[in-house]
Amino acid sequence: MYMGRLFSILSIMLLVAIQSSATGYDLTRKKAERFFSSGEWASASAMYELMLAERPIVSSTYGHAIVSASLRADTLDQMRLLEQAMHHSIPFDSIMESVHKVSLGCAHIQAYEKFLLLAKKEYPWLGRAIDRYLLDYYASRHNGAMMVHYSSLILNGLPDDINYLSLLAKGYMADNDISAATAVYNRIIQLDPDNYDALLAIGNYSYDISQNCSDPETIRKEMSRARTCLQHAYTLKPTPFVAQLLKNL
(Lines give C-alpha, C1' and ligand atoms only; values in the text may rest on other atoms or scores of the structure.)
Protein backbone atom coordinates (compact mmCIF):
# COMPACT_ATOMS: atom_id res chain seq x y z
CA MET A 1 0.00 0.00 0.00
CA TYR A 2 2.88 2.33 0.87
CA MET A 3 4.50 1.65 -2.51
CA GLY A 4 1.22 2.36 -4.26
CA ARG A 5 0.87 5.73 -2.53
CA LEU A 6 4.50 6.57 -3.33
CA PHE A 7 3.96 5.71 -6.99
CA SER A 8 0.84 7.93 -7.10
CA ILE A 9 2.71 10.85 -5.52
CA LEU A 10 5.61 10.49 -7.95
CA SER A 11 3.20 10.32 -10.89
CA ILE A 12 1.46 13.51 -9.74
CA MET A 13 4.81 15.28 -9.32
CA LEU A 14 5.86 14.21 -12.82
CA LEU A 15 2.61 15.46 -14.34
CA VAL A 16 2.98 18.80 -12.55
CA ALA A 17 6.57 19.11 -13.82
CA ILE A 18 5.50 18.32 -17.38
CA GLN A 19 2.61 20.80 -17.21
CA SER A 20 4.90 23.45 -15.76
CA SER A 21 7.45 22.85 -18.52
CA ALA A 22 4.79 23.08 -21.22
CA THR A 23 3.41 26.29 -19.71
CA GLY A 24 6.91 27.78 -19.56
CA TYR A 25 7.56 26.86 -23.19
CA ASP A 26 4.27 28.41 -24.31
CA LEU A 27 5.09 31.64 -22.48
CA THR A 28 8.51 31.77 -24.13
CA ARG A 29 6.92 31.12 -27.52
CA LYS A 30 4.42 33.95 -27.03
CA LYS A 31 7.22 36.31 -26.04
CA ALA A 32 9.22 35.26 -29.09
CA GLU A 33 6.23 35.88 -31.36
CA ARG A 34 5.67 39.30 -29.82
CA PHE A 35 9.30 40.35 -30.19
CA PHE A 36 9.45 38.99 -33.74
CA SER A 37 6.28 40.73 -34.90
CA SER A 38 7.53 44.05 -33.49
CA GLY A 39 10.92 43.73 -35.15
CA GLU A 40 12.90 43.31 -31.94
CA TRP A 41 15.26 40.81 -33.54
CA ALA A 42 17.80 40.48 -30.69
CA SER A 43 15.08 39.78 -28.11
CA ALA A 44 13.33 37.40 -30.50
CA SER A 45 16.61 35.53 -31.03
CA ALA A 46 17.05 35.11 -27.28
CA MET A 47 13.58 33.62 -26.92
CA TYR A 48 14.01 31.25 -29.85
CA GLU A 49 17.30 30.12 -28.32
CA LEU A 50 15.43 29.13 -25.14
CA MET A 51 12.80 27.31 -27.19
CA LEU A 52 15.44 25.36 -29.11
CA ALA A 53 17.23 24.44 -25.90
CA GLU A 54 14.03 22.76 -24.73
CA ARG A 55 12.73 21.42 -28.06
CA PRO A 56 15.60 21.25 -30.57
CA ILE A 57 13.75 19.34 -33.30
CA VAL A 58 11.06 21.91 -34.23
CA SER A 59 11.93 23.10 -37.75
CA SER A 60 9.66 26.17 -37.60
CA THR A 61 11.62 27.50 -34.62
CA TYR A 62 14.82 27.29 -36.63
CA GLY A 63 13.13 29.24 -39.41
CA HIS A 64 12.26 32.09 -37.08
CA ALA A 65 15.64 31.97 -35.32
CA ILE A 66 17.58 32.05 -38.61
CA VAL A 67 15.53 34.94 -39.99
CA SER A 68 16.00 36.86 -36.73
CA ALA A 69 19.75 36.28 -36.98
CA SER A 70 19.75 37.35 -40.63
CA LEU A 71 17.95 40.59 -39.81
CA ARG A 72 20.59 41.22 -37.15
CA ALA A 73 23.23 40.62 -39.85
CA ASP A 74 24.69 37.86 -37.68
CA THR A 75 26.18 35.44 -40.20
CA LEU A 76 27.86 33.26 -37.56
CA ASP A 77 24.60 32.67 -35.72
CA GLN A 78 22.80 31.73 -38.92
CA MET A 79 25.36 29.04 -39.70
CA ARG A 80 25.39 27.84 -36.09
CA LEU A 81 21.63 27.38 -36.25
CA LEU A 82 21.88 25.55 -39.57
CA GLU A 83 24.50 23.21 -38.11
CA GLN A 84 22.36 22.65 -35.02
CA ALA A 85 19.32 21.79 -37.11
CA MET A 86 21.26 19.31 -39.23
CA HIS A 87 22.84 17.84 -36.09
CA HIS A 88 19.32 17.07 -34.85
CA SER A 89 18.53 15.33 -38.16
CA ILE A 90 16.07 17.94 -39.40
CA PRO A 91 15.81 17.51 -43.20
CA PHE A 92 17.58 20.21 -45.18
CA ASP A 93 14.42 20.82 -47.23
CA SER A 94 12.44 21.48 -44.04
CA ILE A 95 14.96 24.09 -42.91
CA MET A 96 14.90 25.88 -46.26
CA GLU A 97 11.12 25.81 -46.47
CA SER A 98 10.79 27.17 -42.95
CA VAL A 99 13.22 30.05 -43.56
CA HIS A 100 11.43 30.89 -46.82
CA LYS A 101 7.99 30.81 -45.22
CA VAL A 102 9.05 32.97 -42.27
CA SER A 103 10.93 35.48 -44.46
CA LEU A 104 7.98 35.81 -46.80
CA GLY A 105 5.50 36.07 -43.95
CA CYS A 106 7.32 38.94 -42.24
CA ALA A 107 7.93 40.83 -45.53
CA HIS A 108 11.72 40.38 -45.31
CA ILE A 109 12.21 37.92 -48.16
CA GLN A 110 15.76 39.21 -48.64
CA ALA A 111 16.66 37.38 -45.43
CA TYR A 112 15.97 34.10 -47.25
CA GLU A 113 18.15 35.09 -50.20
CA LYS A 114 21.02 36.15 -47.95
CA PHE A 115 20.76 32.93 -45.96
CA LEU A 116 20.92 30.81 -49.11
CA LEU A 117 23.95 32.68 -50.45
CA LEU A 118 25.69 32.46 -47.09
CA ALA A 119 24.98 28.73 -46.73
CA LYS A 120 26.31 28.07 -50.23
CA LYS A 121 29.50 29.95 -49.42
CA GLU A 122 30.06 28.21 -46.08
CA TYR A 123 29.00 24.73 -47.18
CA PRO A 124 30.14 24.16 -50.80
CA TRP A 125 29.00 20.54 -50.61
CA LEU A 126 25.42 21.82 -50.37
CA GLY A 127 25.93 24.01 -53.42
CA ARG A 128 23.90 22.07 -55.97
CA ALA A 129 20.93 21.72 -53.64
CA ILE A 130 21.08 25.42 -52.74
CA ASP A 131 21.34 26.39 -56.42
CA ARG A 132 17.88 24.89 -56.92
CA TYR A 133 16.45 26.97 -54.09
CA LEU A 134 18.14 30.10 -55.46
CA LEU A 135 16.73 29.39 -58.91
CA ASP A 136 13.20 29.00 -57.53
CA TYR A 137 13.66 32.19 -55.52
CA TYR A 138 14.82 34.27 -58.49
CA ALA A 139 12.09 32.79 -60.69
CA SER A 140 9.51 33.97 -58.14
CA ARG A 141 11.10 37.44 -58.31
CA HIS A 142 11.21 37.40 -62.14
CA ASN A 143 14.95 38.12 -62.04
CA GLY A 144 15.92 37.07 -65.56
CA ALA A 145 19.69 37.37 -65.20
CA MET A 146 19.79 35.25 -62.05
CA MET A 147 17.38 32.70 -63.54
CA VAL A 148 19.74 32.31 -66.49
CA HIS A 149 22.75 32.04 -64.18
CA TYR A 150 21.41 29.38 -61.84
CA SER A 151 19.53 27.32 -64.41
CA SER A 152 22.71 27.25 -66.50
CA LEU A 153 24.69 26.00 -63.49
CA ILE A 154 22.20 23.20 -62.88
CA LEU A 155 21.98 22.30 -66.57
CA ASN A 156 25.74 21.71 -66.63
CA GLY A 157 24.98 18.46 -64.84
CA LEU A 158 21.48 17.88 -66.28
CA PRO A 159 21.65 19.18 -69.87
CA ASP A 160 18.36 17.63 -71.00
CA ASP A 161 16.18 18.44 -68.01
CA ILE A 162 12.99 19.98 -69.41
CA ASN A 163 12.09 21.80 -66.19
CA TYR A 164 15.41 23.64 -65.95
CA LEU A 165 15.50 24.30 -69.70
CA SER A 166 12.07 25.90 -69.34
CA LEU A 167 13.31 28.10 -66.49
CA LEU A 168 16.36 29.04 -68.57
CA ALA A 169 14.08 30.08 -71.47
CA LYS A 170 11.85 32.07 -69.11
CA GLY A 171 14.94 33.74 -67.70
CA TYR A 172 16.02 34.83 -71.16
CA MET A 173 12.49 36.08 -71.84
CA ALA A 174 12.46 38.06 -68.59
CA ASP A 175 15.83 39.52 -69.62
CA ASN A 176 14.36 40.40 -73.03
CA ASP A 177 16.79 38.10 -74.88
CA ILE A 178 14.18 36.65 -77.24
CA SER A 179 16.69 35.05 -79.59
CA ALA A 180 18.33 33.04 -76.78
CA ALA A 181 14.93 32.08 -75.35
CA THR A 182 13.78 30.84 -78.75
CA ALA A 183 16.88 28.69 -79.12
CA VAL A 184 16.16 27.05 -75.76
CA TYR A 185 12.49 26.50 -76.62
CA ASN A 186 13.57 24.84 -79.88
CA ARG A 187 15.79 22.54 -77.83
CA ILE A 188 12.85 21.70 -75.57
CA ILE A 189 10.68 20.80 -78.58
CA GLN A 190 13.45 18.49 -79.83
CA LEU A 191 13.43 16.69 -76.49
CA ASP A 192 9.68 16.89 -75.90
CA PRO A 193 7.66 17.48 -79.10
CA ASP A 194 4.44 17.81 -77.08
CA ASN A 195 5.68 20.53 -74.75
CA TYR A 196 2.79 22.99 -74.83
CA ASP A 197 4.63 26.01 -73.42
CA ALA A 198 7.51 25.68 -75.88
CA LEU A 199 5.17 25.21 -78.84
CA LEU A 200 3.16 28.25 -77.81
CA ALA A 201 6.29 30.36 -77.31
CA ILE A 202 7.77 29.47 -80.70
CA GLY A 203 4.38 29.86 -82.38
CA ASN A 204 3.87 33.31 -80.86
CA TYR A 205 7.40 34.40 -81.74
CA SER A 206 7.09 33.30 -85.38
CA TYR A 207 3.65 34.89 -85.60
CA ASP A 208 5.01 38.23 -84.35
CA ILE A 209 7.85 38.12 -86.86
CA SER A 210 5.44 37.41 -89.72
CA GLN A 211 3.35 40.43 -88.69
CA ASN A 212 6.29 42.81 -88.45
CA CYS A 213 8.42 41.89 -91.44
CA SER A 214 8.50 43.19 -95.02
CA ASP A 215 10.43 40.34 -96.62
CA PRO A 216 7.94 37.99 -98.38
CA GLU A 217 10.12 34.89 -97.98
CA THR A 218 10.62 35.51 -94.26
CA ILE A 219 6.89 36.13 -93.82
CA ARG A 220 6.04 32.86 -95.59
CA LYS A 221 8.60 30.89 -93.57
CA GLU A 222 7.57 32.30 -90.19
CA MET A 223 3.84 31.96 -90.88
CA SER A 224 4.35 28.30 -91.78
CA ARG A 225 6.36 27.73 -88.64
CA ALA A 226 3.81 29.57 -86.49
CA ARG A 227 0.97 27.54 -87.98
CA THR A 228 2.73 24.22 -87.36
CA CYS A 229 3.53 25.01 -83.72
CA LEU A 230 0.20 26.62 -82.88
CA GLN A 231 -1.84 23.86 -84.49
CA HIS A 232 0.07 21.29 -82.47
CA ALA A 233 -0.41 23.35 -79.31
CA TYR A 234 -4.14 23.65 -80.04
CA THR A 235 -4.52 19.88 -80.35
CA LEU A 236 -2.89 19.53 -76.93
CA LYS A 237 -4.84 22.31 -75.24
CA PRO A 238 -7.47 24.13 -77.30
CA THR A 239 -7.91 27.73 -76.14
CA PRO A 240 -9.65 30.77 -77.66
CA PHE A 241 -6.33 32.65 -77.74
CA VAL A 242 -4.57 30.03 -79.86
CA ALA A 243 -7.67 29.62 -82.02
CA GLN A 244 -7.60 33.35 -82.78
CA LEU A 245 -3.93 33.28 -83.70
CA LEU A 246 -4.53 30.38 -86.07
CA LYS A 247 -7.46 32.22 -87.60
CA ASN A 248 -5.22 35.25 -88.24
CA LEU A 249 -2.75 33.02 -90.06
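Residues numbered from 1 in each chain as written. Predicted model: local features only at pLDDT ≥ 70, side-chain atom pairs only at ≥ 80, totals over all residues. Heavy atoms only, no water.

Undergrad: Could you give an account of the overall build of the chain, with specific residues and numbers?
TA: Helix and strand content of the chain: 13 helices and zero strands. Listing each helix as α and each strand as β along the chain from the N terminus yields α-α-α-α-α-α-α-α-α-α-α-α-α. Taking 18 Å as the expected radius of gyration for a compact globule of 249 residues, we find that the chain reaches 27 Å, considerably beyond that expectation. By its C-alpha atoms, the chain is 100 × 40 × 35 Å across when sized along the principal axes. Burial statistics for the chain: of 249 residues in total, 38% are counted as buried. For the chain, the computed accessible surface area is about 14,000 Å², with 57% contributed by carbon and sulfur atoms. (Helix = DSSP H or I, 4+ residues; strand = E, 2+ residues; numbered from the N terminus. Rg over C-alpha atoms; globule rule 2.2 N^0.38 Å. Buried < 20%, exposed > 50% of the residue type's maximum accessible area, 1.4 Å probe, protein only. Areas by Shrake-Rupley, 256 points an atom, 1.4 Å probe, with all protein chains shown as cover.)

Undergrad: I'd like to hear about the environment of Leu52, residue by residue, with values.
TA: As for its position among the elements, Leu52 is in helix H2 (residues 41–54). Under the relative-accessibility criterion, Leu52 is labelled buried at 2%. Taking the C-alpha atoms as reference points, Leu52 and Tyr25, 27 residues apart in sequence, are found 10.0 Å from one another. If sequence neighbours within four positions are ignored, Leu52 has contacts with Val58, Thr61, Tyr62, Ala65, Leu81 and Gln84. (Contact = heavy atoms within 4.5 Å.)

Undergrad: How would you summarise the pattern of salt bridges if you had to cite specific residues and measurements?
TA: All told, the structure shown has nine salt bridges when counted by the stated rule. With a closest N to O distance of 3.2 Å, Arg29 and Glu33 form a salt bridge. Placement of the pair is Arg29 and Glu33 together in helix H1 (residues 2–37), with a separation of four residues, close to one helical turn. Glu33 sits in the partly exposed class, given a relative accessible area of 40%. Here Asp131 and Lys120 are joined by a salt bridge, their closest N and O atoms 2.6 Å apart. With Asp131 in helix H7 (residues 127–140) and Lys120 in helix H6 (residues 110–122), this residue pair connects regions lying eleven residues apart in the sequence. Assessed through its relative accessible area of 25%, Lys120 is described here as partly exposed. (Salt bridge = Lys/Arg side-chain N within 4 Å of Asp/Glu carboxyl O.)

Undergrad: Can you lay out the packing of aromatic side chains for me, pointing to particular residues and giving the numbers?
TA: Here the structure, examined in full by the defined rule, presents seven aromatic pairs. Plain terms: the ring middles of Phe92 and Tyr133 are 6.1 Å apart, the flat faces sit at 75 degrees to each other, and that makes the pair edge-to-face. Here Tyr133 lies in helix H7 and Phe92 lies in helix H5 (residues 92–105), a separation of 41 residues in the sequence. Taken as a pair, Phe92 and Tyr133 share a single burial class, namely buried. Summarising the aromatic geometry, the rings of Tyr123 and Trp125 are spaced 6.2 Å apart at their centres and angled 85 degrees between planes, so their arrangement reads as edge-to-face. Taking relative accessible area as the criterion, Tyr123 reaches 11% and is therefore assigned buried. We classify Trp125 as exposed; its relative accessible area is 62%. (Phe/Tyr/Trp six-rings, centres within 6.5 Å; stacked < 30°, edge-to-face > 60°.)

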